[in-house]
Every structure is written in C-alpha cells, then in structure tokens.
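For reference, the chains in residue letters:
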Amino acid sequence: MINLKDYIKNPIELEYFEGLFSQLNEKSEQLTIATPEKDTGVYPTAIAPRELMRRELPFHSYEDIKQRYSTKEIVDCTLWLRKMHGGLGSSLDRSDYLKKYGRTTPGSKSTDLYIETEEFGDISLAEAQIIQASKKTSSFKRVVLQDLVNNDVKPILDKMWEKHSNLLNENFTRLDSVIQQKLPTIKNGELTDERLAPAGHGFFGYEVFKGPRPEGENLIACIGNGEDLSSTPDRAIVNWMLTENIPVVMVTTTKTKRDMKGGQIALKVEGDKTFLTIVEKAQAEQAGQLEYFEQLGLREDDEDAFFNTNLVLINFNAVQDAEIALPDLIKNQKGEFVQLEGAMGSVLLNSDRLSRINNKKFVHILNVNKEKRLKFFNPIKKIDDFKFIKKNLLLNNISFHFK
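Residues numbered from 1 in each chain as written. Predicted model: local features only at pLDDT ≥ 70, side-chain atom pairs only at ≥ 80, totals over all residues. Heavy atoms only, no water.

A.B. asks: Explain the overall build of the protein chain to me, using residue names and the numbers behind them.
C.D. replies: For the protein chain, the helix and strand inventory stands at 13 helices and 17 strands. What you see for the protein chain is a C-alpha radius of gyration of 21 Å, in line with the 22 Å of a compact globule of 403 residues. Carbon and sulfur atoms make up 46% of the accessible area of the protein chain, which amounts to about 19200 Å² in all. In the protein chain, which carries 55 positive and 59 negative side-chain charges, the distance between the mean positions of the two groups comes to 3 Å. (Helix = DSSP H or I, 4+ residues; strand = E, 2+ residues; numbered from the N terminus. Rg over C-alpha atoms; globule rule 2.2 N^0.38 Å. Areas by Shrake-Rupley, 256 points an atom, 1.4 Å probe, with all protein chains shown as cover. Lys, Arg positive; Asp, Glu negative; His and termini not counted. Charge placed at Lys NZ, Arg CZ, Asp CG, Glu CD.)

Encoded structure:
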C-alpha cells in the first residue's frame with residue numbers, strides 16, 4: 001500500500017495529487033466540436049457565434065491594451081515572475097549540443113540551451129531569465145523571481161543564482177524555488193512506485209493561489225516557460241490589469257499553420273450557462289475530428305482561432321475571494337504505467353466555471369496577433385525551434401529580450 005505522505009511533503013502538492021487520484025475512475029468528458037451538421041454547443045473561437053462571443057468571452061486584443069494603457073512610468077506593483085524549469089523536454093534531443101559545453105547529463109531545456117551575450121559570454125536561457133528579471137525594475141517597482149523546478153534542476157539553477165548574486169537588491173529578490181516531486185503512477189489500477197513521475201504543470205497553477213506569496217502591494221504573478229525569454233508581460237498589460245481590476249489573464253495568440261496541434265480556446269454552452277474551455281488535439285482525435293480541429297482558424301471564412309500559450313497572469317487584488325478548482329485528470333499512458341497529470345489551463349478554467357455559476361467571470365483572454373506574437377510567445381519545442389531563434393533573432397543586450 002502506497003502512503004502518499006512518504007513521497008509528498010508539501011501539503012499543497014498532496015492536496016493537488018489526491019484531487020487527481022480521486023478522478024481516476026471517473027469517466028472523462030468527451031468534447032465534440034460543433035459542425036454545420038451537428039450543433040454540440042462547443043465552439044472554438046474560429047466558429048463561435050459572434051453574439052455569443054461578445055456576451056460570454058472576456059476577450060481583449062493586445063494592440064488595444066498597448067494603445068490605451070502604455071506608460072513610461074514605473075508601474076507601482078510587485079511583479080512576481082514564476083518560470084517553469086521542471087520539464088526535461090525529452091522531445092528536444094540535445095545530447096550532441098551539450099557536449100560543446102562539457103556536459104553529458106541534461107537538465108531542463110532552459111538550463112541546457114545557450115545563447116551568446118556581449119557582457120556574459122555564452123549563458124543558458126535560465127541564466128538569461130535571471131538577468132532579464134533584474135532589468136525589469138526599470139519598469140516595475142519591485143520584481144520577485146521564483147523558479148518552478150524538480151530536484152534534478154534545482155542545483156543547476158542554484159549555481160546560476162550564486163554567480164549573479166550581485167544583482168539582488170531591495171527591488172529585485174529571489175523567492176525560494178517551488179519543487180515538484182516525482183510521484184507514484186498507476187499500474188493495474190493501483191498506485192505504484194515502480195515508476196515515479198511529476199503530475200503536470202497544473203500543480204504550479206494550483207500552488208500559486210494556495211502557497212506562500214511575496215510581500216508587497218499590487219501583486220501580479222506571471223507564470224511562463226523558463227526557456228522562453230518572451231514569457232514576461234510589459235507595463236501596458238500589468239497597468240491594464242491593475243487599473244481595471246482584472247483577476248486572471250490567459251495570453252493566447254492567433255493560430256497559424258505552426259500551431260495546428262495546440263489547444264484552442266472555446267465556448268461551451270450548457271443549458272442557460274456558457275463556460276470557457278480548451279479543446280485539445282487528443283480530444284479532437286477521440287471525437288474523430290482531428291483534421292477539422294487542425295484547420296479551424298486557417299480556413300477562408302473562419303474567424304481567428306485563439307491558441308493557448310501557457311502564459312498566465314494573476315492579479316491578487318482581484319482574486320481574494322475566488323474559489324480555486326483542481327484541474328481535470330489527464331491519464332498519460334507510458335507503457336504499462338499511467339501518469340496522473342493536470343494542466344495549468346484546466347485549473348484556471350475550472351475556477352472560472354465556479355465563478356460563472358455565480359455570474360462572475362474569473363478568466364480573461366488576451367490575444368496577441370501574428371505580428372506581435374514573438375513579443376510574448378517564442379516556444380522551443382524541438383531543437384529546430386532553437387536553431388531558428390539563433391539564426392533569425394538578435395538578443396537585445398540591454399533588455400535581454402530577443403528582437
């Protein structure tokens with residue numbers, strides 16, 4: 001008999017994992033996208049009725065926010081940057097690449113991929129995140145950087161922080177890392193420790209509401225990928241959230257042919273209520289709609305499809321009384337084992353669902369168009385993505401953003 005408390009010392013992670021495990025024998029919801037022949041009530045933004053969109057989707061364009069809320073003043077807030085460095089990124093083969101830097105054991109993508117800088121020479125993207133965050137004090141009153149890691153990656157990042165300890169001051173601080181544990185999986189319907197694995201980035205989306213926070217007024221948290229130097233908001237976005245008391249923002253980008261396999265924001269009508277959801281590739285495959293799903297937003301008569309970027313912002317001035325939900329269980333089959341996982345977007349959208357039952361909207365969508373997408377979304381899924389960045393983009397050695 002597995003005792004989860006032997007593996008999980010963080011009570012919030014225990015609550016999260018027990019919530020996933022409790023869903024093991026529940027039948028997962030089947031999402032089927034509406035078609036001209038069959039109206040299922042599930043509408044990705046590319047095909048959603050316009051009146052329904054206007055009434056039910058708190059949607060904002062970055063171009064409009066930039067025009068209305070830009071400022072050259074330092075924003076009076078504490079910007080809490082939480083960068084996810086935990087994933088191994090097994091789909092990104094970098095064994096030969098690492099040998100150039102005298103390394104044989106991979107960490108995370110962010111610790112293993114190096115860029116050239118004028119002042120520091122070749123440094124990893126994780127190290128560049130530290131330097132970039134320190135420079136954000138020219139835009140925000142106080143900046144706090146926190147690493148979201150596993151036990152293998154933490155020592156690598158600790159060494160990087162030691163190297164740049166001179167950057168720390170009263171306006172730029174480090175918050176202790178959040179460490180995601182490798183947890184038991186399922187074999188033959190029972191928990192086993194024969195294979196251990198993390199339980200998805202949904203934990204970081206749940207823990208941000210439940211765990212310790214930095215001190216400071218006007219606290220805005222931002223969760224982004226550690227290997228993506230674009231995963232940080234600008235002053236206009238933060239100023240907008242504070243001015244308009246926006247609780248949670250999920251940043252999306254207009255879908256292109258590069259994004260055919262990623263999740264799309266959708267509206268789901270249930271009786272007299274409408275909820276936000278994400279339609280994922282796996283769901284479309286199960287429903288026999290993969291080709292339809294991939295083409296949504298790319299056809300001539302479609303509206304824009306909103307592609308989820310996993311960049312999330314939270315305004316703690318506006319979420320004080322919100323009820324935070326657990327994510328839906330994802331059963332990730334790995335041979336004879338099933339990993340229990342949850343997604344960050346599912347935490348937010350399930351929490352939004354609870355708010356909508358009480359006639360409140362919790363999650364707002366901020367869409368960035370194709371022309372501006374690299375400003376906030378520059379993912380590295382495979383080594384070719386990184387080669388593209390190195391070949392086509394230049395690092396601004398003042399801001400530490402690519403341009």
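A.B. asks: Quick rundown of helix α6 (residues 125-135)? Include the residues and the values.
C.D. replies: Judged by how many residues are buried, α6 sits mostly within the fold: 10 of 11 residues are covered. Three or more residues of α6 are buried, namely Leu125, Ala126, Glu127, Ala128, Gln129, Ile130, Ile131, Gln132, Ala133 and Ser134. (Buried < 20%, exposed > 50% of the residue type's maximum accessible area, 1.4 Å probe, protein only.)

A.B. asks: Which residues make up the nonpolar core, and what are the values?
C.D. replies: Phe209, Val248, Met250, Ile314, Phe316 and Val363 are the most contacted members of the largest nonpolar core, which totals 54 residues. Residue contacts for Met250: discarding those within four places in its chain leaves Ile265, Ile278, Asn308, Leu311, Val312, Gly345, Leu348, Leu349, Val363, His364, Ile365 and Leu366. Ranked by size, the runner-up nonpolar core spans 33 residues in total, among them Val143, Val149, Trp161 and Ile237. (Core = buried A, V, L, I, M, F, W, Y, C linked by side-chain atoms within 4.5 Å. Contact = heavy atoms within 4.5 Å.)

A.B. asks: Describe the pattern of salt bridges, naming the residues involved and giving the relevant values.
C.D. replies: Oppositely charged side chains can pair when the atoms bearing their charge come close. Overall, the coordinates contain 24 salt bridges when judged by the stated rule. With a closest N to O distance of 3.8 Å, Asp234 and Lys66 form a salt bridge. Taken together, the residues span a long stretch of sequence, with Asp234 in the loop between β10 (219-225) and α9 (235-244) and Lys66 in helix α3 (residues 62-69) at a distance of 168 residues. Asp234 gets classed as buried once you look at its relative accessible area, which sits at 12%. For Lys66, a relative accessible area of 36% translates into the label partly exposed. Taken together, the shared-partner salt bridges connect Glu51, Arg54, Arg55, Glu56, Asp352 and Arg356 into one network. (Salt bridge = Lys/Arg side-chain N within 4 Å of Asp/Glu carboxyl O.)

A.B. asks: Run through the pairing of strand β13 (residues 273-279), naming residues and quoting values.
C.D. replies: Across the 7 residues that make up β13, a large majority, 6, are buried. Examined bridge by bridge, strand β12 (residues 264-270) and β13 share 7 bridges and lie antiparallel to one another. Along β13, the bridge assignment pairs Glu270 with Lys273. In this structure, the hairpin formed by β12 and β13 is closed by a connection of 2 residues, where Gly271 is found at a positive phi of approximately 65°. (Pairing = 2+ DSSP bridges.)

A.B. asks: Tell me about the environment of Lys83, and name the residues and values.
C.D. replies: With respect to the secondary-structure elements, Lys83 resides in strand β3 (residues 75-84). For Lys83, a relative accessible area of 1% corresponds to the buried category. In sequence terms Lys83 and Phe120 are 37 residues apart; their C-alpha atoms lie 21 Å from each other.

A.B. asks: Describe unusual backbone geometry, naming the residues involved and giving the relevant values.
C.D. replies: Look at Asn359: it is not a glycine, yet its phi comes out positive at around 65°. Position of Asn359 among the secondary structure elements: in the loop between α12 (344-357) and β17 (363-368). Relative accessible area serves as the criterion here: at 65%, Asn359 is assigned to the exposed category. A positive phi angle is found at Phe400, which is not glycine, with a value near 60°. Topologically, Phe400 is positioned in the segment after α13 (383-392).

A.B. asks: An account of the side chain of Thr253 is requested, with residue identities and associated values reported.
C.D. replies: Here Thr253 shows up in strand β11 (residues 248-254). When its relative accessible area of 1% is taken as the criterion, Thr253 is described as buried. Leaving out residues up to four positions away in the same chain, Thr253 has contacts with Ala305, Phe306, Phe307, Thr309, Asn367, Val368, Asn369, Arg373 and Phe377.

A.B. asks: How would you explain the state of the cysteines if you had to name every residue and give the values?
C.D. replies: Note: disulfide means a covalent bond formed between the sulfur atoms of two cysteine side chains. Summed over all chains, the structure comprises 0 disulfides. Of the cysteine sulfurs around Cys77, a residue in no disulfide, the closest is that of Cys222, at 11 Å. (Disulfide = S-S within 2.5 Å.)

Such coordinate-based values are descriptive only and should not be taken to indicate function.
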